[in-house]
Amino acid sequence: MKDKIVVFDSGLGGLNIFNALRTKYPNENYIYIADELNLPYGTKSIEFLKKRIKEIIEYFKDSKAIVIACNTASSIYGLLEERYDNVYEIIRLTSIHAANISKNKKIGVIATNLTIELGKYQEYLTNLNTTVYPLKYSELVDIIESKNVLTKEEYSTKLNESLKEKFTYFKNTNIDTLICGCTHFGYVIDYYKKYLGNINYITSDEVVVNYLNEKLDLNKVVNPTTTIYTTGDPMEFKEKMKEYNCLGVVNKIII
Ligand code: DGL
């Protein structure tokens, strides 16, 4: 386990970070774990998630790194009493990046209901002297996770109808930057543009990739391996992954 980088999310979202890491540092051993059995995280209770996030971290605690590629779980990690030297959360880094990019310092954040309720983005961004417009948007996780059971038309209609309604919140805010504060949300940035135009769209992928390079000695494994796990149904997760052009064998894991 000591030579493995573990990337963890409730479902598909963390694959964005996983793929960015694998592209930049191909000579590493990776594990991806999707806790699909407990998806979605964003509408679960804090108590449930504290227990669950701790279980997963404990299971992989001897690894080289555990990247919490999930904003909801990152928010929860901040509430645990335990600290782990090899665990990396993504909210602080993403907030700093967004505050640097934004010119007018007006920043929108779309995230799961729980991420917005726990308020970590609001806290970091306010401390970075920006004005924050937070929007609870757990519905979007459900739409993104259901692409494999919808036709192309159904999927894009559902997405557009939902965005049209939800993004009215940003009308007159004059935001020049939108944080995709849920790792799932990076998949559909092209759809956002129709409603918000050509503003900055921020995901956590690049910042995490750069940060890990500062912290770890990377890219030294000669015969690297990658294993993808789900706590749910492996065939189903494989089908879901395919919809976002991620291919690979999926294994079942019980944690
Ligand atoms: N991808 C997760 C995040 O970044 C959330 C999805 C969920 O609600 O499970 O917050």
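Along each chain, residues carry numbers from 1 onward, in the same order as the chain's sequence is written. With the structure being a predicted model, the display of local features is reserved for residues of pLDDT at least 70 and the display and counting of side-chain atom pairs for 80 or more, all residues being used for whole-chain, interface and lining totals. Values shown for side chains rest on all heavy atoms present in the structure; no hydrogens or waters enter the calculation.

### A short note on empty space enclosed by the protein
This is how it is decided: A cavity here means a set of 1 Å grid points, computed over protein atoms only, where a 1.4 Å probe fits but cannot escape. A pocket is an open set with protein on both sides within 12 Å along at least 5 of 7 lines, and lining residues have an atom within 4 Å of a point. Grid points are joined across faces, edges and corners, and a volume is the space filled by probe spheres set on the points. Strands here are runs of E lasting at least two residues and helices are runs of H or I lasting at least four, both read from the DSSP assignment and numbered beginning at the N terminus. Any residue that is not Ala, Val, Leu, Ile, Met, Phe, Trp, Tyr, Cys, Pro, Asp, Glu, Lys or Arg is counted as polar, Gly included; the first ten are nonpolar and the last four charged.
Following the criterion strictly, the structure yields 3 cavities of 30 Å³ or more and no others. Each pocket or cavity is described by its volume, and for the largest cavity that value is around 90 Å³. Around the largest cavity sit 15 residues that line it, and Ser10, Thr72, Thr112, Val141 and Cys182 are the ones nearest its centre. Listing elements by their share of the lining of the largest cavity, those giving two or more residues are α3 (71–77) and α7 (138–145). For the lining of the largest cavity, a count of residues per class yields 6 nonpolar, 8 polar and 1 charged. The calculated volume of the second largest cavity comes to roughly 40 Å³. Every residue along the wall of the second largest cavity is listed here: Asn16, Asn71, Cys180, Cys182, Thr183, Gly186, Thr203, Ser204 and Asp205. Grouping the amino acids of the lining of the second largest cavity by side-chain chemistry returns 2 nonpolar, 6 polar and 1 charged.

### A short note on the environment of glycine 232
Threshold: Contacts are assigned to residue pairs that have any heavy atoms within 4.5 Å of one another.
By secondary structure assignment, the location of glycine 232 is in the loop between β9 (226–230) and α11 (234–243). Spatially, the C-alpha atoms of glycine 232 and tyrosine 32 are 13 Å apart, while their sequence positions differ by 200 residues. Those residues in contact with glycine 232 that lie beyond four places of it in its chain are Glu36, Leu37 and Lys252.

### What to know about the site of the ligand
Short version of the rule: Put simply, a residue is near a molecule or strand once any heavy atom of it comes within 4 Å of that molecule or strand. Nitrogen and oxygen atoms within 3.5 Å of one another constitute a polar contact, given that in protein one can donate a hydrogen and the other can accept it, and given that sequence-neighbouring residues count only through two side-chain atoms. The accessible surface values rely on the Shrake-Rupley method and a 1.4 Å probe; as for residues, cover is taken only from the protein chains in view. Here the criterion for a molecule occupying a pocket or cavity is that more than half of its atoms lie within 2 Å of the pocket grid points.
Of all residues adjacent to the ligand, which total 14 residues, the nearest are Ser10, Tyr41, Asn71, Thr72 and His184. At a separation of 2.8 Å, an oxygen atom of the ligand approaches a polar backbone atom of asparagine 71. Histidine 184 is positioned with one of its side-chain polar atoms (N or O) 2.8 Å from a nitrogen atom of the ligand. About the coverage of the ligand: the protein hides 100% of its 300 Å² of free accessible area. Structurally, the ligand is housed in the largest cavity. Considered class by class, the residues forming the shell around the ligand number 6 nonpolar, 7 polar and 1 charged.

### Quick word on α7
What counts, and what does not: Each residue's exposure class comes from its accessible area (1.4 Å probe, protein chains only) as a fraction of the maximum for that residue type: buried when under 20%, exposed when over 50%, partly exposed otherwise.
In terms of burial, α7 is largely enclosed, as 6 of its 8 residues are buried. Looking only at α7, the buried set comprises Ser138, Leu140, Val141, Ile143, Ile144 and Glu145. On its buried side, α7 packs onto β5 (106–111), α5 (113–118), β6 (131–136), α8 (152–166), α9 (189–196) and α11.

### Section: the side chain of threonine 183
Inspection of the secondary structure puts threonine 183 in the loop between β7 (177–180) and α9. Looking at threonine 183, its side chain comes within polar contact range of the main-chain oxygen of alanine 69, at 2.9 Å. Excluding anything up to four places from it in sequence, threonine 183 contacts Asp9, Gly13, Gly14, Asn16, Ile17, Ala69, Cys70, Asn71 and Ile90.

### Structural notes on the pattern of salt bridges
In plain terms, the rule: The rule for a salt bridge is simple: a side-chain nitrogen of Lys or Arg has to be within 4 Å of a carboxyl oxygen of Asp or Glu.
For the coordinates displayed, the defined rule picks out 15 salt bridges. For arginine 52, the salt bridge goes to aspartate 35, with nearest N and O atoms at 2.8 Å. Of this pair, arginine 52 sits in helix α2 (residues 46–59) while aspartate 35 sits in the loop between β2 (29–34) and α2; the two residues are 17 residues apart in sequence, bridging distant segments of the chain. One salt bridge connects glutamate 117 with lysine 136, and the closest N-O pair in it is separated by 3.0 Å. In this pair, glutamate 117 sits in helix α5 while lysine 136 sits in strand β6, placing the two residues 19 residues apart along the sequence. Accessibility expressed as a relative area gives 36% for lysine 136, which makes it partly exposed. Beyond isolated ion pairs, a larger network of salt bridges with shared partners links Asp35, Lys51, Arg52 and Glu55.

### Quick notes on unusual backbone geometry
Residue proline 40 follows leucine 39 across a cis peptide bond; omega there is -5°. Along the chain, proline 40 turns up in the loop between β2 and α2. One non-glycine residue, asparagine 172, adopts positive backbone phi at about 70°. Along the chain, the position of asparagine 172 falls in the loop between α8 and β7. By relative accessible area, asparagine 172 is classed as exposed at 76%.

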